[in-house]
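# Analysis of the macromolecular model
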Amino acid sequence: CNLHSHMQRVSSCARIARGWGVLLSLFAVAGTATGATTSETPLVCLGEAGKFAILSKAALSGTAAHITGDVGSQAAITFAPMFPGDATSMFWTSTQITGRMYAASYAAPTPAMLAVAVTDMDAAYAAMAACPVSNSNFNILAGAIGGYSFTAGVYKWGSFVHIASDISIVGGANDLWVFQVAEYISIVAYMRIRLVNDGTGHGTPQASNIVWQVGGYLVLGAYSHLEGNFLVNGYVTFGITSTLNGRVLSVEAATISSNVIVAAQRTVIGLAAVRSAVYFVAWPAYSSQSTPTARPTAQPATSEPAAKPA
């Protein structure tokens with residue numbers, strides 16, 4: 001994906017980021033924060049794609065969903081009941097969505113806006129796929145990562161990731177995680193991604209600082225829960241009453257049934273790989289659970305699965 005055509009929006013995101021006064025943290029390949037900062041770091045951002053909780057090149061459909069944020073598709077959208085947003089027909093609304101729906105068949109300028117959003121989504125996907133990773137963070141547990149705790153850094157799997165028990169994202173509010181998965185991600189029913197405060201006084205990990213770059217599909221089991229921004233090259237299926245704090249940007253169709261999805265709050269997610277290091281941007285996002293008093297080592301977590309509903 002050619003990022004040169006994306007640079008004007010990149011520069012805009014950089015200015016916005018500096019305007020927020022966000023912290024730019026330099027992470028070594030192994031994922032250790034050095035504390036270095038810069039105001040000239042080139043940023044790759046989501047651009048127009050960052051306006052959406054869900055964006056897809058293919059069809060989107062939902063039943064009894066609860067989505068906070070806008071939804072966009074270059075194909076059809078079905079979230080019945082649906083209503084024209086206004087007399088212009090540039091967007092529609094639904095009782096399932098706290099936000100707007102945009103499809104390529106709607107009135108101008110919606111089709112052009114969606115074309116730009118999808119181009120920006122592709123650019124962000126390519127940027128995340130290019131982040132370097134150390135050997136120690138490659139193919140952890142051969143992809144069967146249930147029960148594992150992940151401190152800040154870049155992680156990569158050459159095949160799939162399967163979550164059969166809860167995993168933990170452990171760190172502070174300004175830390176960032178990138179997960180690169182060559183094939184698919186699946187999470188078993190009732191399992192969760194948990195955000196865990198590392199006890200160093202730097203807050204709790206933020207869902208908006210977690211990026212999953214997925215080469216295949218994403219499937220959530222019933223009542224499961226995910227955290228982060230998911231850039232998915234395949235289809236996405238949400239099991240009944242599964243939930244997500246973050247966003248889903250996908251190439252293929254997304255099916256959403258009785259789910260709760262809350263969009264991330266910022267469009268800058270982090271960014272260009274610079275040889276042996278990656279620069280990231282952190283920003284405020286979601287409240288979550290606080291936990292231990294000390295940073296755990298990279299060992300399997302012992303958290304219990306989420307309780308089944310009564």
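Use the structure listed above.
Summarised in this report is the structure supplied together with it. Since we're looking at a predicted model, the values are computed, not measured.

### Some words on the overall build of the protein chain
Counting its secondary structure elements, the protein chain contains 2 helices and 25 strands. Scored against the burial criterion, the 310 residues of the protein chain give a buried share of 51%. Accessible surface, the protein chain: about 12,200 Å² in total, of which carbon and sulfur atoms supply 57%.

### Here's the deal with the pattern of salt bridges
A side chain with one charge may pair with a side chain of the opposite charge, provided their charged atoms come close. All chains considered together, the criterion is met by 3 salt bridges. Between K57 and D122 there is a salt bridge, with its nearest N and O atoms 3.1 Å apart. In this pair, K57 sits in the loop between β2 (52-56) and β3 (60-63) while D122 sits in helix α2 (residues 110-129), placing the two residues 65 residues apart along the sequence. According to the relative accessible area criterion, K57 is partly exposed, its value standing at 29%. Judged by relative accessible area, which is 25%, D122 ranks as partly exposed. The salt bridge involving R194 is made with D166; its shortest N-O contact spans 2.7 Å. Separated by 28 residues along the polypeptide, R194 in strand β16 (residues 193-197) and D166 in the loop between β12 (161-163) and β13 (167-171) bring together distant segments of the chain. Of the residues examined, R194 reaches a relative accessible area of 17% and is grouped as buried.

### Concerning the packing of aromatic side chains
Applying the stated criterion to the full structure yields 15 aromatic pairs. Ring centres of Y148 and F150 lie 4.8 Å apart, and the angle between their planes is 50°; this geometry places the pair in the tilted category. The class for Y148 is buried, based on a relative accessible area of 9%. Under the relative-accessibility criterion, F150 is labelled buried at 0%. In this arrangement the basic side chain of R100 is found over the ring face of F91, its NZ or CZ atom lying 3.8 Å from the centre.

### Regarding the side chain of E48
Along the chain, E48 turns up in the loop between β1 (24-28) and β2. A polar atom in the side chain of E48 sits 2.9 Å from the side chain of K51. If we skip the residues at most four places from it in the chain, E48 touches M113, V116, A117 and D120.

### Overview of the pairing of strand β14 (residues 177-181)
Counting buried positions along β14 gives 5 out of 5 residues, so the element sits mostly inside the fold. Of the two faces of β14, both are covered, the one formed by W177, F179 and V181 as well as the one formed by V178 and Q180. Strand direction decides the pairing type here: strand β11 (residues 153-157) and β14, joined by 5 bridges, are parallel. By the bridge assignment, K156 is partnered in β14 with Q180. In this structure, β14 lies alongside strand β17 (residues 210-214), joined through 5 bridges in parallel fashion. The residue bridging V178 from the neighbouring strand is V211, located in β17.

### Overview of the sheet that holds β16
Strands belonging to one sheet form pairs held by backbone hydrogen bonds; the direction of such a pair is parallel or antiparallel. The sheet built from 3 strands is open, its strands ordered β10-β13-β16 with parallel pairing. Each edge of the open sheet is held by one strand with a lone partner, namely β10 (149-150) and β16. Where β10 and β13 come together, 2 bridges link them in parallel fashion. By the bridge assignment, F150 is partnered in β13 with I169.

### A closer look at the environment of A127
When you line up the elements, A127 lands in helix α2. The buried category is assigned to A127, whose relative accessible area is 5%. Between the C-alpha atom of A127 and that of C45, which follows or precedes it by 82 residues, the distance is 9.2 Å.

Parameters at a glance
- Residues numbered from 1 in each chain as written.
- Predicted model: local features only at pLDDT ≥ 70, side-chain atom pairs only at ≥ 80, totals over all residues.
- Heavy atoms only, no water.
- Helix = DSSP H or I, 4+ residues; strand = E, 2+ residues; numbered from the N terminus.
- Buried < 20%, exposed > 50% of the residue type's maximum accessible area, 1.4 Å probe, protein only.
- Areas by Shrake-Rupley, 256 points an atom, 1.4 Å probe, with all protein chains shown as cover.
- Salt bridge = Lys/Arg side-chain N within 4 Å of Asp/Glu carboxyl O.
- Phe/Tyr/Trp six-rings, centres within 6.5 Å; stacked < 30°, edge-to-face > 60°.
- Lys NZ or Arg CZ within 6 Å of the ring centre and 35° of its normal.
- Polar contact = N/O pair within 3.5 Å; in protein donor to acceptor, adjacent residues only side chain to side chain.
- Contact = heavy atoms within 4.5 Å.
- Pairing = 2+ DSSP bridges.

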